[in-house]
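# Descriptive structure summary
Listed below are the residues making up each chain.
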Amino acid sequence: MPIYEYECKRCKEKFEILVFGNKSVCCPKCGSEELVKKFSVFAMKGVEKGGSSCSSCSVSSCSTCK
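Because the structure is a prediction, the values reported are computed rather than measured.

### A look at the packing of aromatic side chains
Going through the model one piece at a time under the given rule, you end up with two aromatic pairs. When the ring of Tyr4 is compared with that of Tyr6, the centres are 6.4 Å apart and the planes differ by 65°; the resulting orientation is edge-to-face. Accessibility expressed as a relative area gives 27% for Tyr4, which makes it partly exposed. Accessibility expressed as a relative area gives 9% for Tyr6, which makes it buried. Between Tyr6 and Phe15, the aromatic rings sit 5.8 Å apart at their centres with planes inclined by 25°, giving stacked as the arrangement. We note that Tyr6, like Phe15, is buried. Among the aromatic side chains, those forming a connected cluster through ring pairs are Tyr4, Tyr6 and Phe15.

Here it is, written out as structure tokens:
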């Protein structure tokens, strides 16, 4: 059950919605089905083990990594 991001072609509303199967999606603001599916990315924090916990330094215990 992925969450997709959309932009309405009619009113330019940007929204995200959880999509079940082949469910048709419409704009929550104007009801239009003329939508553009946006490219979505996600991030996970705190899953890396060992080493630096940020990408701005090479030390694992600097003040920005805490």
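### Looking at the confidence of the model for the protein
With 58% of its residues at a pLDDT of 70 or more, the protein has an overall mean of 78. Mean pLDDT across the secondary structure elements of the protein bottoms out at strand E1 (residues 3-8), with 91, and peaks at strand E3 (residues 35-38), with 93.

### Examining the pairing of E1
Relative to strand E2 (residues 14-18), E1 is paired through five bridges, and the arrangement is antiparallel. Counted as the bridge partner of Tyr4 is Ile17 from E2. Here E1 hands over to E2 after five residues, with Lys12 in that stretch at a positive phi of 70°. Of the pairings in the sheet, the one linking E1 to E3 comprises four bridges and is antiparallel in character.

### Here we look at the pattern of salt bridges
Under the defined criterion, the tally for this structure stands at one salt bridge. Glu7 is paired through a salt bridge with Lys38; the nearest N and O atoms lie 3.3 Å apart. With Glu7 in strand E1 and Lys38 in strand E3, the pair connects residues that are 31 residues apart, well separated along the chain. Look at Glu7 and you get buried, because its relative accessible area is 18%. What makes Lys38 partly exposed here is its relative accessible area of 35%.

Criteria and thresholds
- Residues numbered from 1 in each chain as written.
- Predicted model: local features only at pLDDT ≥ 70, side-chain atom pairs only at ≥ 80, totals over all residues.
- Heavy atoms only, no water.
- Phe/Tyr/Trp six-rings, centres within 6.5 Å; stacked < 30°, edge-to-face > 60°.
- Buried < 20%, exposed > 50% of the residue type's maximum accessible area, 1.4 Å probe, protein only.
- pLDDT = per-residue confidence, 0-100.
- Helix = DSSP H or I, 4+ residues; strand = E, 2+ residues; numbered from the N terminus.
- Pairing = 2+ DSSP bridges.
- Salt bridge = Lys/Arg side-chain N within 4 Å of Asp/Glu carboxyl O.

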